[in-house]
Every structure is written in C-alpha cells, then in structure tokens.
Amino acid sequence: ENSSFQKAIDEFQKVFINDLLLCKEKIERLKTQQLQGRTFEKERNTMKSSALIDLVDKLIAEEDDEVDSQKRRLADPKTSKGRWDPFHQGDILRSIWFYGYKGSLTEPPCTQLVHWRVIDEPMLISSTQLMHMKRLLFDHIDADCVPTSVQWEGSVARPIQQSTTTPVWKCSCKNFLSDDDREALGVSTC
C-alpha cells in the first residue's frame, strides 16, 4: 500500500462524503417541501428519481464503513501522518521525466488540444487503493445531487483511439536536470 497515495485518497474521500451529506440534506429538504406542497418544477424533477435517493443512501452507508476503516488506519502508528502534499517527490511522483504526446480530451467533445505527460516511472499502489479511487471518482455526486463523472461502465466516455501517427517523445535528463541534481552533480546535463 502506498501511504502517500492513501493521503490523496483520504482527501478525495472527505470531499466525497461532504458532497453526499449535502445532497442528502437537499433531498430531505425537498421531501419536506413536497409534503408541504411548496416544491417547484426543478425540485420535482430531482424528487422523481427515487433511484437517486436509494443511491445516495447506499453510498452513505458504504462510506460509513470506509470512514471507520480510515479512522482505524489513521490511528495506526505505522501509517504516515499529515495531509497529502501533491508536490512531494517520492511515492507519488517517482521521477521528473516523462513521455509526452499530443492528444484529445477524454470526454466529449474530445477536442484535440491536450498535451499529455506520462511519468516514466509509474507510481505503485495496491489493488484496493485503485478500486477505492475509481469508486470515489466514478460514484461522486455533487452537493446538488448531480453525478460528476462522465465514465461509462468503469471506463472513459469514449473508446480509446487507435493512432500510429501520433509522435511520442521522451523528456529525460538530457533535456534538463532538476535543480537538486544540477547542484549535486555540478553540471547542467547528464
């Protein structure tokens, strides 16, 4: 298990739970207004979906289990303490070098304007962490009870595009050295 990545998951989970609770409050408020005959068309449309209410209740119940697990993990002296720092090089960012290519957005309109960077040394995480992160991303519902993911059946919103003409480049120490490496080695390239 990657303790640095776990900190990131824990931060995502806080947002996930907070938004679920705000959504549930909204649903409860709309139920009360509906009983009092004070709902408007937009609110009626939200309330028509009993499946949404069931989903929110199910997600909250699942998150209760995750919160208990998270509390136990954070109480364990062997796990790392503190907040996640996305700029901390180590377990998450294992290298400053990468492969790059020009590509498109992964959701409609799939515009060809993205410069993708793939770090040349992958971050190692457990299968449990991967499944937890997928769930947090794919099942997220915002405070207005709107799903935020465009994924479909656990994948991106469109099929992966096959391309043999897209040039891929590698940025390495021959292109630049980090400030730490430059200072330690006393040179500007490897």
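(A) Quick look at the overall build of the protein chain. Check the secondary structure of the protein chain and you find five helices and three strands. Considering the protein chain as a whole, with its 190 residues, one finds that 27% of them fall into the buried category. At a minimum sequence separation of 6, the contacts of the protein chain that also span at least 24 residues come to 66%. Summed over all atoms, the accessible surface of the protein chain reaches about 13,200 Å², with 56% contributed by carbon and sulfur.

(B) Representation of the nonpolar core in the model. By size, the foremost hydrophobic cluster in this structure holds seven residues: Phe5, Ala8, Ile9, Phe16, Leu20, Met133 and Leu136. Secondary-structure elements contributing two or more residues to this core are α1 (3–35) and α4 (127–138). Counting residues per element, this core draws most heavily on α1, at five residues. Contacts of Phe5, omitting those with residues within four sequence positions, involve Ile92, Met123, Ile125, Gln129 and Met133.

(C) Examining the environment of Ile141 more closely. As for its position among the elements, Ile141 is in the loop between α4 and β3 (168–171). Remark: the alpha-carbon pair of Ile141 and Asp19, spanning 122 residues in sequence, is separated by 6.6 Å.

(D) Molecular detail of the environment of Ser127. Counting through the fold element by element, Ser127 comes out in helix α4. The exposure class of Ser127 is exposed, given its relative accessible area of 57%. Separated by 126 residues in the primary sequence, Ser127 and Glu1 have C-alpha atoms spaced 8.6 Å apart.

(E) Looking closely at the confidence of the model for the protein chain. Predicted confidence across the protein chain gives a mean pLDDT of 77, with 67% of residues reaching 70 or more. Averaged pLDDT values for the elements of the protein chain fall to 52 in helix α2 (residues 41–48) and rise to 92 in strand β2 (residues 114–119). Long-range and interchain partners of residues 74–80, a stretch whose pLDDT sits below 50, account for eight contacts in this model, where long-range means more than four residues apart.

(F) A look at the pairing of strand β1 (residues 98–103). Relative to β2, β1 runs antiparallel, the two being bridged by six bridges. Bridging across to β2, Tyr99 finds its partner in Val118. Both β1 and β3 contribute to a ladder of four bridges, which runs antiparallel. Considered in β3, the bridge of Gly100 is made with Trp169.

(G) Region of the structure containing the state of the cysteines. This model, assessed by the stated rule, comprises one disulfide. Disulfide partner of Cys23: Cys145, at an S-S distance of 2.1 Å. Every disulfide takes its handedness from the sign of the S-S torsion; for Cys23 and Cys145 that torsion is 120°, giving right-handed. Of this pair, Cys23 sits in helix α1 while Cys145 sits in the loop between α4 and β3; the two residues are 122 residues apart in sequence, bridging distant segments of the chain. On the accessibility criterion, Cys23 (0% relative accessible area) is buried. Cys173 supplies the cysteine sulfur nearest to Cys171, a cysteine that is in no disulfide, at a spacing of 9.4 Å.

The rules we used
Residues numbered from 1 in each chain as written. Predicted model: local features only at pLDDT ≥ 70, side-chain atom pairs only at ≥ 80, totals over all residues. Heavy atoms only, no water. Helix = DSSP H or I, 4+ residues; strand = E, 2+ residues; numbered from the N terminus. Buried < 20%, exposed > 50% of the residue type's maximum accessible area, 1.4 Å probe, protein only. Contact = heavy atoms within 4.5 Å. Areas by Shrake-Rupley, 256 points an atom, 1.4 Å probe, with all protein chains shown as cover. Core = buried A, V, L, I, M, F, W, Y, C linked by side-chain atoms within 4.5 Å. pLDDT = per-residue confidence, 0-100. Pairing = 2+ DSSP bridges. Disulfide = S-S within 2.5 Å.

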